Amino acid sequence: MEEFVATGAILRRLGVAPVAKAVGNLNNPDVDEFENLVVNQLGVPKSAIGSGFSVEYWQPPPPPTTWWQTADLDWTSAKKDAKAWMQVRHLLTHGLTSGWQAEHWPGPLKANGPSASEVLRRTPTGRHTLVIHGAITCARIYVEASRHLAGLTAQHLGRSINVDILPDFPLYKEQAHEPPAPTRADGSEELADEGEETPPAIEPVAAS
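So, how was this worked out
- Residues numbered from 1 in each chain as written.
- Predicted model: local features only at pLDDT ≥ 70, side-chain atom pairs only at ≥ 80, totals over all residues.
- Heavy atoms only, no water.
- Helix = DSSP H or I, 4+ residues; strand = E, 2+ residues; numbered from the N terminus.
- Expected span 1.5 Å × (residues − 1).
- Buried < 20%, exposed > 50% of the residue type's maximum accessible area, 1.4 Å probe, protein only.
- Contact = heavy atoms within 4.5 Å.
- Core = buried A, V, L, I, M, F, W, Y, C linked by side-chain atoms within 4.5 Å.
- Phe/Tyr/Trp six-rings, centres within 6.5 Å; stacked < 30°, edge-to-face > 60°.
- Salt bridge = Lys/Arg side-chain N within 4 Å of Asp/Glu carboxyl O.

**Examining helix α4 (residues 75-93)**
- For α4, with 19 residues, the first-to-last C-alpha span of 27 Å sits near the 27 Å given by 1.5 Å per residue.
- For α4, the full list of buried residues reads Trp 75, Ala 78, Lys 79, Asp 81, Ala 82, Ala 84, Trp 85, Met 86, Gln 87, Val 88, His 90 and Leu 91.
- Residues of α4 that are buried make contact with α3 (31-40), β1 (55-59), β2 (69-73) and α5 (132-157).
- Count one or two residues on from α4 and you reach Gly 95, which has phi positive near 70 degrees.

Structure, rendered in structure tokens:
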């Protein structure tokens, strides 16, 4: 994010000092902070942000249900959940939770901020767990929000940007892009046989 904002500020011909001040105070910025930067530093109209935005995510099931279902977040909800996921990150980083079992997750480090437990799965005991569904959701929120803000910034600055290079973090394994099968020199598909042995290496022949 720091490099993106700094590059955009340079394209706007801002001085070194404003750029350094804009990115120098960042400390694990969330989506809301990213939005403020592209608005205040890069000039993106605030009215354009969030329009048409939606991200599909795994909705934590309420106890005693264990069945995860998908839902959609709009821009406002995505920003709120992104703040909660940043709380998850803080608690894990500082060793206040382990992340591998149902446990108590402390409240937000910042006043009036969302709690980490708001985006985690609640168990019948009242504790919360971090599972792969939640990790995928966190990644999807930050990636899709970054795509959205980067695209608007590039459009505002009259530049092109390829946001498709960011990973998708699909909800289901079937949605993941499989790597292409290896091909021969003639372009035909090379089929690998599990029982096929690797041919021996060809030893160089010394010139006579």
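**Some thoughts on the nonpolar core**
- Formed by 36 residues in total, the largest nonpolar core has its most connected members in Val 38, Ile 49, Trp 75, Trp 85 and Val 88.
- Looking at this core, the elements with two or more residues in it are α1 (2-11), α2 (16-24), α3, β1, β2, α4 and α5.
- Element by element, the count of residues in this core is highest for α4, at 8 residues.

**A look at the packing of aromatic side chains**
- The tally for this structure, following the rule as stated, stands at 3 aromatic pairs.
- A ring pair is formed by Phe 4 and Phe 34, whose centres lie 5.8 Å apart and whose planes are at 90 degrees; its orientation type is edge-to-face. With Phe 4 in helix α1 and Phe 34 in helix α3, this pair connects stretches of sequence that are 30 residues apart.
- With a centroid separation of 5.3 Å and an interplanar angle of 75 degrees, the aromatic rings of Trp 58 and Tyr 172 are classed as edge-to-face. Taken as a pair, Trp 58 in strand β1 and Tyr 172 in the segment after α5 lie far apart in primary sequence, 114 residues in all.

**Some details on the pattern of salt bridges**
- According to the stated counting rule, one finds 8 salt bridges in the structure shown.
- As a salt-bridge pair, Asp 30 and Lys 83 come within 3.2 Å of each other at their nearest N and O atoms. With Asp 30 in the loop between α2 and α3 and Lys 83 in helix α4, the pair connects residues that are 53 residues apart, well separated along the chain.
- The partner of Glu 118 in a salt bridge is Lys 80, with the nearest N and O atoms 2.7 Å apart. Here Lys 80 lies in helix α4 and Glu 118 lies in the loop between α4 and β3 (121-122), a separation of 38 residues in the sequence.
- Using a relative accessible area of 43% as the deciding quantity, one classes Glu 118 as partly exposed.
- Look at Lys 80 and you get partly exposed, because its relative accessible area is 42%.

**Re the side chain of His 128**
- Along the chain, the position of His 128 falls in strand β4 (residues 128-129).
- Those residues in contact with His 128, other than ones at most four positions away along the chain, are Gln 101, Ala 102, Glu 103, Trp 105, Ser 117, Leu 120, Arg 121 and Arg 122.

**So, the environment of Val 88**
- Mapped onto the fold, Val 88 is located in helix α4.
- Along the sequence, Val 88 and Trp 105 sit 17 residues apart, while their C-alpha atoms lie 8.3 Å from each other.
- Ignoring sequence-local partners within four residues, the contact set of Val 88 consists of Trp 105, Ala 116, Val 119, Leu 120 and Leu 130.

**Some words on unusual backbone geometry**
- Across the junction of Pro 63 and Pro 64, the peptide omega takes the value 5 degrees, indicating a cis bond.
- Tracing the sequence through the fold places Pro 64 in the loop between β1 and β2.
- A positive phi angle, near 65 degrees, is found at Arg 13, a position not held by glycine.
- Note on placement: Arg 13 falls in the loop between α1 and α2.
- With a phi close to 50 degrees, Phe 169 is a non-glycine residue in the positive phi region.

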